[in-house]
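Chain by chain, the residues run as shown.
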Number of protein chains: 4
Amino acid sequence: MGQKRILSPVSDERGQRMRDLEARERILSTTLRMLGALGYSRLSIGGIAQEAAVGKATIYRSWANKAALVLDAVRVQLPEVPVADIGDSKEEIVAVAETLAEIYGSPKVRLVLPALVSDAAADPDLGRRLREELIEQRKKQSVVVLDRAVERGALPQDTDISAVLDMWAGLMLFRSLFYSVSLDKQSVRNLVSATLASPPRTTSGDQPPAG
Amino acid sequence: MGQKRILSPVSDERGQRMRDLEARERILSTTLRMLGALGYSRLSIGGIAQEAAVGKATIYRSWANKAALVLDAVRVQLPEVPVADIGDSKEEIVAVAETLAEIYGSPKVRLVLPALVSDAAADPDLGRRLREELIEQRKKQSVVVLDRAVERGALPQDTDISAVLDMWAGLMLFRSLFYSVSLDKQSVRNLVSATLASPPRTTSGDQPPAG
Amino acid sequence: MGQKRILSPVSDERGQRMRDLEARERILSTTLRMLGALGYSRLSIGGIAQEAAVGKATIYRSWANKAALVLDAVRVQLPEVPVADIGDSKEEIVAVAETLAEIYGSPKVRLVLPALVSDAAADPDLGRRLREELIEQRKKQSVVVLDRAVERGALPQDTDISAVLDMWAGLMLFRSLFYSVSLDKQSVRNLVSATLASPPRTTSGDQPPAG
Amino acid sequence: MGQKRILSPVSDERGQRMRDLEARERILSTTLRMLGALGYSRLSIGGIAQEAAVGKATIYRSWANKAALVLDAVRVQLPEVPVADIGDSKEEIVAVAETLAEIYGSPKVRLVLPALVSDAAADPDLGRRLREELIEQRKKQSVVVLDRAVERGALPQDTDISAVLDMWAGLMLFRSLFYSVSLDKQSVRNLVSATLASPPRTTSGDQPPAG
DNA sequence: AAGTAAACGAGACGGTACGTCGTGTCTTCCG
DNA sequence: CGGAAGACACGACGTACCGTCTCGTTTACTT
């Protein structure tokens, strides 16, 4: 049960033996290819096995179910959030938001994420992995940039950074899921500008305009 | 055999005669009950039929598939967005946002929405119904209140109302899906305050604080 | 839509409704055909289902496993033991023995019986059915003829009729299983003659030659 | 489960490898033990390998398949047919028949023989080994005794010795397979007496009582 | 009131996919 | 360097549902 390997190193000193790394790669790439061709629901473990010239047991040996397999296949395809310090917080944040828009607006995520979230309802481990490996990881990187903005005074001390990021991601995901669009660069810039001007804060009470 | 049916036959939304309204009700309520007990994925048409003491064909006669049935079952349970003019736009908007938080944060939506969105990838009609009957309908009501706020000057003329609403809904849904929480009243109030202070706008370029 | 089903529904031996007798017939005949072509071990439920254009569940609905299905398929093919009184016990018995030789020497039985007996080791119900429906039924018919021979004085009163029949069947089966031959008519006649001359008896102690 | 090797592999002083022999013995004895515990069908090569703390390849190196392994394991357990000349043909033959009854009535044979015969249908080599190493070998020994009886005049010159032996073996096997019993000593004696009094013969035509 | 046609419960039907198991071969790694 | 350990491709197993279909049986509308 549970995932057995996360990374695909050449040799795993104490983990499971995976003789044929080639098989693993073939499975993951076949999964991605068929996912694009068939969508998540018509994707089947048996079909992937056949297409990848692999026994079903070989798939089940490494992944507990279709969701875990697809999660692994998609995860490695996502772009990294840029965290480099370029001196200008506004521009750093815009870059972060553009990457988030790219991620949450990508067809792959649109195709896969709802299915995974749905399956996660009956599979707590999948839910945990989704949250930790997909969501939180990107968020942790984004927080680095926003924290720096707070330090620089580009954002108030009591900015609810988590709310800011979830709000942005939420908007992007919402648009992606229900309208099949991703935020264009201008909209991202407007969104960032508006939020920087007056972000949600952690302290209660009415809030004056940021400044 | 005692007399059972009291209600007279009417047409259902597909325009077909539905002799046994009681059966329809039994199907919908059984669906909701089993949905709570089993989750979406373990829910089956056959199981609902058996539990509701109804033939499978009776279900298929009214709904094309599990998703359509569940959509109907859940739709009627959702609260209405309050659009009444109470004189205070801020309070009206907070009431709207609280209702949205209740909807998107409810366990039922959390359980069902990702599955429906997922299924919609292979069923355009389902996607359309999801958007029109679940999303847009609430949004249309919310827009009424926000439009009134613009008229009153509580929001700038070029406020991107759609972005505001999708951003709020996105945040609520995001939190619900990945963290299984719904926004508490204080957070909603903070969110509304921050957004009113500086909402996203449709015009491009840097934006000064709203005022 | 052309009418297809002519036969009325009946109950199968499991007491379940079997709507489509046509399917049942198709399954049984396909089983026999593939049994001849592949042998028992290479026969598979899935293969039969595919070949018979039938769902696997339809087979499992009526038969617990491959053995039960094959038993049913083969059972109905076996010839009846002739029990008619033709006045001459010797000739009646020879006719019985020839039928037994035909049964136990037939390729179908040779192919199937060891497999069924083997499976019966782990399936008591199959063992019971084998004994009752294949073995005992033929034996009961044969006993009629031998009992008549005892009445007529063609066999001694203390003839161990069961031993006689099992000995004959055993010889035929033994030759069939290990040498793939069935007893020819002359050998059957010789066997019967020898046994009639001095059959095994139920009373203990040394036996003088019959006569 | 956690049983590891106790005995260490060593070479004996003559330079012969002990490891192979030890493994071979462990495989055969494990096979017999698990055969009794699980029956033939639930027995698996993988299971035997694990239980015997042996690689599967080590088994396949010596035996082509499960049937061949089991045949070897069982073969060595069977008692020898007594062929010694004790002066009294009747008693010699009874001893032979008792041994045959012991062999064909033993639980081990009952458990294994049908499975082997069944597998032999698709494996001619197995069929040959079954016939030669199990059946014919015992039969050859038995023939020695019966031939001596013919020489002594205890049986007619034209006695169909093969038929006699197959008939006896057939009866014993038949009773074992379908009724799970072995012939008791008295029945064996009765059977031998009856057959000696009038055995099947190779010459055709009606036969007078032997004498 | 009797006749008729639809909708009904029940569930069998042909299928697809599941996740597990056993086969016989092949590879890795340990002693 | 031989062997245990077990990964591998393959394919059968028996189960769960799917969406369609066919049964008889109500039920409600016609005549």
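Residues numbered from 1 in each chain as written. Chains lettered and ligands numbered in written order. Predicted model: local features only at pLDDT ≥ 70, side-chain atom pairs only at ≥ 80, totals over all residues. Heavy atoms only, no water.

The name given to chain A in an unreviewed UniProt entry is Putative HTH-type transcriptional regulator YdeS, and the organism recorded there is Streptomyces cacaoi.

Caption draft 1: Region of the structure containing the UniProt feature "domain: HTH tetR-type" (unreviewed entry) in chain A. The feature "domain: HTH tetR-type" (unreviewed entry), as given by UniProt, occupies residues 21-81 of chain A in the numbering adopted here. This span, residues 21-81 of chain A, is 69% helix and 0% strand, and a straight line between its end C-alpha atoms measures 28 Å. (UniProt positions renumbered as here; feature names shortened; annotations may be inferred. Helix = DSSP H or I, 4+ residues; strand = E, 2+ residues; numbered from the N terminus.)

Caption draft 2: A look at helix α1 (residues 21-42) of chain C. Across its 22 residues, α1 of chain C extends only 26 Å between first and last C-alpha, which sits more than 12% below the 32 Å expected from 1.5 Å per residue. Residues of α1 of chain C that are buried: Leu-21, Ala-23, Arg-24, Ile-27, Leu-28, Thr-30, Thr-31, Leu-32, Met-34, Leu-35, Gly-39 and Tyr-40 of chain C. (Expected span 1.5 Å × (residues − 1). Buried < 20%, exposed > 50% of the residue type's maximum accessible area, 1.4 Å probe, protein only.)

Caption draft 3: A look at the relation of the copies chain A and chain B. After a rotation of 179° and a shift along the axis of 0.0 Å, chain A superposes on chain B with an RMSD of 0.1 Å. Taken together, the rotation and translation relating the two chain copies correspond to the operation of a two-fold axis. Looking at the rotation axis and the C-alpha trace of chain A, the residue lying nearest is Gly-170 of chain A, at 1.9 Å. A symmetric contact is evident, with 98% of the interface residues of chain A recurring at the interface of chain B. (Least-squares fit on C-alpha atoms with pLDDT ≥ 70 in both. Contact = heavy atoms within 4.5 Å.)

Caption draft 4: Spatial organisation of the domain arrangement of chain A. Residues and elements named next belong to chain A. Split by domain assignment, chain A resolves into domain 1 (21-75) and domain 2 (89-197). Between domain 1 and domain 2, the C-alpha centre-to-centre distance is 27 Å. Taken together, the contact pairs twelve residues of domain 1 with 13 residues of domain 2. A combined buried area of about 1,100 Å² lies between domain 1 and domain 2, and 72% of that area is made up of carbon and sulfur atoms. When the buried surface of domain 1 facing domain 2 is broken down by residue, Tyr-40, Leu-71 and Arg-75 rank first, second and third, together holding 49% of it. (Domains from an automatic or database assignment. Buried area = accessible area lost by both parts, 1.4 Å probe.)

Caption draft 5: Structural view of unusual backbone geometry. The backbone phi angle of Ala-53 of chain B is positive, close to 55°, even though this residue is not glycine. Along the chain, the position of Ala-53 of chain B falls in the loop between α2 (45-51) and α3 (56-62). For Ala-53 of chain B, a relative accessible area of 61% gives the class exposed. If you check the backbone angles, Ser-180 of chain D has positive phi at about 55° while not being a glycine.

Caption draft 6: Region of the structure containing the interface of chain A and chain B. Listed as interface residues are 47 residues of chain A and, on the opposing side, 46 residues of chain B. When the two sides are added together, the surface that chain A and chain B hide from each other amounts to roughly 3,700 Å², 64% of it contributed by carbon and sulfur. For the pair chain A and chain B, the number of links is two salt bridges. The interface formed by chain A and chain B holds 13 residue pairs in polar contact (both at pLDDT 80 or more) in total. Every element with two or more residues in the side of chain A that touches chain B is listed here: α5 (89-105), α6 (107-120), α7 (124-152), α8 (161-179) and α9 (185-197) of chain A. If one sorts the elements of the side of chain A that touches chain B by residue count, α8 of chain A sits on top with 13 residues. The residue inventory of the side of chain A that touches chain B, partitioned by class, reads 25 nonpolar, 13 polar and nine charged. (Salt bridge = Lys/Arg side-chain N within 4 Å of Asp/Glu carboxyl O. Polar contact = N/O pair within 3.5 Å; in protein donor to acceptor, adjacent residues only side chain to side chain. Nonpolar A, V, L, I, M, F, W, Y, C, P; charged D, E, K, R; others polar.)

Caption draft 7: Spatial organisation of the pattern of salt bridges. Taken as a whole, this structure holds 76 salt bridges over all chains when the rule is applied. With a shortest N-O distance of 3.1 Å, Arg-128 of chain B and Glu-132 of chain B are connected by a salt bridge. Of this pair, Arg-128 of chain B and Glu-132 of chain B are both found in helix α7 (residues 124-152), four residues apart, which corresponds to roughly one turn of the helix. Note that Asp-85 of chain C is salt-bridged to Arg-152 of chain C, the shortest N-O span being 2.5 Å.

Caption draft 8: Focus on the relation of the copies chain C and chain D. Laying chain C over chain D is done by rotating through 180° and shifting 0.0 Å along the axis; what remains is an RMSD of 0.1 Å. Counting the interface residues of chain C, we find that 98% of their copies in chain D are interface residues as well, pointing to one common contact surface.

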